[in-house]
Amino acid sequence: MAFSAFASAAPAQEPAPKRRSKIALLLLAPGVLYLVIFFLVPLFTLVTTALQAPTASGDIGQYVPGFEIGNYATVLAQYSPQILRSFGYSLVATVFALLFSYPLAYFIAVKVRHRPLLQNLLLVLVIAPFFISFLLRTMAWKSMLSDESFLVSALKGLSLMAPDAHITGTPFSVIFGLTYNFIPFMTLPLYAVLERLDTRYLEAGSDLYARPFTTFRTITLPLSAPGIISGVLLTFIPAAGDYVNASRQFLGGTGTTMIGNVIDSNFFDLQNYPAAAALSIILMSAILVLVIVYILLSVYVWKTGTEGLL
Amino acid sequence: MAGGVFAESGADLELVGIQKRFPGFTAIEGMDLTIPAGSFFALLGPSGCGKTTTLRLVAGLEEATAGRILIGGKDVTDTKPYQRPVNTVFQSYALFPHMTIIENVAFGLRRRKIADATGKAHEALRLVELDHLAARRPQQLSGGQQQRVALARAIVNRPALLLLDEPLGALDLKLRRQMQLELKSIQEEVGLTFLHVTHDQEEAMTMADTVAVMNKGKIEQLGAPEVLYELPRTAFVANFLGQSNLFTGPVEGTTGDSISVNVEGNRIVVPKSRAQRHSGEVTVGARPEKLTLHVTEPKPEAGTNLLGPGRVIDVSFSGVSTQYIVAIPGLGSIVVFAQNMGVGPLVGEGTETWVSWKVEHGFGLEDEAPRQPRFSSDTDTASIALEKKRALMSELEEA
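Residues numbered from 1 in each chain as written. Chains lettered and ligands numbered in written order. Predicted model: local features only at pLDDT ≥ 70, side-chain atom pairs only at ≥ 80, totals over all residues. Heavy atoms only, no water.

1. Observations concerning the overall build of chain B
Test applied: Going along the chain from the N terminus, every DSSP run of H or I of four or more residues is numbered as a helix, and every run of E of two or more is numbered as a strand. Only protein chains enter the accessibility calculation, which uses a 1.4 Å probe. A residue is then buried if its area is under 20% of the maximum for its type, exposed if over 50%, and partly exposed in between. Computed with a 1.4 Å probe, the accessible areas rest on the Shrake-Rupley method; for each residue, only the protein chains presented here act as cover. In this count, Lys and Arg are taken as positive residues and Asp and Glu as negative ones, while His and the chain termini are left out. Taken as the charge location is NZ of Lys, CZ of Arg, CG of Asp or CD of Glu.
Counting secondary structure elements, chain B contains nine helices and 20 strands. The C-alpha extent of chain B, read off along each of the three principal axes, is 75 × 60 × 40 Å. Looking at the 399 residues of chain B, the share that counts as buried comes to 49%. Within the structure as shown, chain B displays about 18,500 Å² of accessible surface, and the carbon and sulfur contribution to it stands at 51%. Across chain B, the centroid of the 40 positively charged side chains sits 6 Å from that of the 47 negatively charged ones.

So, in structure tokens, the structure goes:
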């Protein structure tokens, strides 16, 4: 099954062949070439762009190569609220996605285990949103949550919402959109680990005086930790850099700008390429640091191996 | 069993009218069983006979369709597994892979908030001589070591009743024999009630004080291993617990303390006290090792059954003894075990022989020997369910 790509326990490492095969190197070549052209070169360009200085004439969108470390300080000072907001929103969205996905994945992977047809049907339903463009779905939510929507007018009619209140353009709608859009990325890795959860461990836990919740906390949860870790990473990383949900054209407003939107406007509207590049590098490094801390912490807490997490 | 109390000794287990139905078939049919405290009790039967279901019912992992389960006189029928003073050594061991050995063993104690859980866990590991591996993970241990950890994890809780679900099934023969002796001595040491489920008749007989032979969801016979072996009551027990030579025929004469059965013109005498039925068609039998081979026709004497002549059709050597199969016209094949006291087999294939055994070694069954297929069916629970469903469907169609 395709989802085993998220599988936790990597098969036992086979001893490395003693002689490096030329064929293996040949097979690796396209991938390495691809990474050099489309990852290393752009990364280098990004780093240099972030250090560029404005031209002497001060023309908009014109920059010369330089070593302006100060670009970082400028954008950090200017956009720290958006940076913090990005991580805050994506953290909350990740938590909600986990809370929704875990029971869903558990149900599909464990509860309907003996009904493969239903299980496959439910899995297809989890992936079904991918058949429609991400933009279209977010747009659909925008109209469903807009001021003219049935939902909002009903809530206002019932006096559950203030007459001048909105749903779109609020932190709620942005986090809602992020959660909705990334739920499959959380559900699938969870499904992959729970599908192989041996329920005999749960019976053993119950036999050893553990109540259902204790069994969940001490057995199911640690055994599914690799899935939780990969699901959290697959949700948190793209959500932190997302600029669709928070954009004003979709579910966001002026007060919900995330770092992705800032990079977007600096690049396309203000044509401030060094600022956009510096922000990208800040975002990348911050995510990298957070992810490393998170993995180390998870490994420490759950004492699980790191194999197959990434 | 919350509250953190250790059971000081084993408790009685009582099953009253237990019935367990799964969709499509009945696994256990009206079972009544009492296991006295402190005993080592074995449930023996082929796969699909309901023995594992019985164990799971006692553990609380399955719910009985009808009937009551009492442990130490307390009705536990409606309680959850974690509320029962029962621990199980699972067939798969089910050691938690994400915990170390010591964490596995201390798990039950921690849940019951028992003081010094780690110390007690180490003590249990010392009992199974694995304390030096306490910091390892289950997957770093061999099968035999994992089995002992599973045992330690269960007995450390001092359950009133310890359930063993074919715990030795995955071990090789030599290790299995060794573990059988260890389990037995541990049981005597801790004095708990052990309920052991197995399909290995030798295992059941070496370890248990009392063996119950199960077949098709019912207990066929229950008793001490020697009694079950020497005096089986049904054809199933006679054949499942060791081997038997069975003969069916009408009773043609009764003396003071014995009956004589006419099997295809041969007269077989069985003591009345060892026969379940004394008239009509009866099945009588004798164990292969009670039989003696003769190469010359012996003189008939009172107190001995003599059959023959027949021909040896197969000789197979198995170390301590040799199995001979003697074909006697009209009686079929008779199995004889002879101790290898000398060198080489007593007789070769094709030799004309007679077979005799002492009257007091024979037994009479309460049912008739079924016309046995060459290989007994060893079907699993699912296929039995399917079979029963088909039988039911055809019954319904006929009606």
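2. Some thoughts on the packing of helix H3 (residues 116-127) of chain A against helix H6 (residues 171-194) of chain A
Residues and elements named next belong to chain A. Cut-off, in case you're wondering: Axis definition: a line fit to C-alpha positions, over the contact stretch in the case of helices; interaxial angles, taken between N-to-C directions, run 0 to 180 degrees. Geometric relationships in this document are graded by angle, where less than 35 degrees denotes roughly parallel, more than 145 denotes roughly antiparallel, 65 to 115 denotes roughly perpendicular, and other angles denote oblique. By definition, residues are in contact when any of their heavy atoms lie within 4.5 Å. In the scheme used here, Gly and all other residues not listed as nonpolar or charged are polar, with Ala, Val, Leu, Ile, Met, Phe, Trp, Tyr, Cys and Pro taken as nonpolar and Asp, Glu, Lys and Arg as charged.
Where H3 contacts H6, the two axes come as close as 10 Å, and the packing angle between them is 150°. On the basis of their axis angle, the class for H3 and H6 is roughly antiparallel. Residues Gln-119, Leu-123 and Val-126 of H3 form the contact with H6, whose participating residues are Pro-184, Thr-187, Leu-188 and Tyr-191. When grouped by side-chain class, the residues that make up the contact of H3 with H6 number five nonpolar, two polar and no charged.

3. Here's the deal with the sheet that holds strand S11 (residues 245-254) of chain B
Hydrogen bonding along the main chain pairs the strands of a sheet, whether they run parallel or antiparallel. Residues and elements named next belong to chain B. Rules: Think of it this way: DSSP has to see at least two bridges between two strands before they count as a pair.
As summarised here, the arrangement of the five strands in space is S13-S12-S11-S14-S20, forming an open sheet in which the pairing is antiparallel. Lying at the two open borders of the sheet, with one neighbouring strand each, are strand S13 (266-271) and strand S20 (363-364). When strand S14 (residues 281-286) meets S20, the two strands line up antiparallel, connected through two bridges. Across the sheet, residue Gly-285 finds its bridge partner in S20, namely Phe-363.

4. A few points about the UniProt feature "transmembrane region" (unreviewed entry) in chain A
Residues and elements named next belong to chain A. Note the threshold: UniProt positions are given in the numbering used here, feature names are shortened, and annotations may be inferred rather than shown by experiment.
The feature "transmembrane region" (unreviewed entry), as annotated in UniProt, sits at residues 23-44, 87-109, 121-140, 172-194, 215-237 and 275-302 in this numbering. Taken end to end, residues 87-109 has its terminal C-alpha atoms 31 Å apart, with 100% of it in helix and 0% in strand. A distance of 31 Å separates the end C-alpha atoms of residues 215-237, which is 96% helix and 0% strand.

5. Looking at the interface of chain A and chain B
Stated formally: For any pair of parts, buried area is found by adding up, for both, the accessible area (1.4 Å probe) each one loses once the two are put together. For salt bridges, the criterion is a side-chain nitrogen of Lys or Arg within 4 Å of an Asp or Glu carboxyl oxygen. Here a polar contact is taken to be a pair of N or O atoms separated by no more than 3.5 Å, where protein atoms must pair a possible hydrogen donor with a possible acceptor and residues adjacent in sequence count only if both atoms sit in side chains.
Contacts between the two partners involve 19 residues from chain A, matched on the other side by 28 residues from chain B. Each partner contributes to the roughly 2,100 Å² buried at the junction of chain A and chain B, and carbon and sulfur atoms together form 61% of this total. On the chain A side of the interface with chain B, the three residues burying the most area are Asp207(A), Leu208(A) and Tyr209(A), jointly 39% of the side's total. For the pair chain A and chain B, the number of links is one salt bridge. For Arg56(B), the salt bridge is made with Glu203(A), and the minimal N-O distance between the two is 2.6 Å. Viewed at the interface, chain B and chain A are joined by six residue pairs in polar contact (both at pLDDT 80 or more). Mapped onto the side of chain A that touches chain B, the elements with two or more residues apiece are helix H7 (199-207) and helix H8 (212-223) of chain A. In terms of residue class, the side of chain A that touches chain B is built from nine nonpolar, four polar and six charged.

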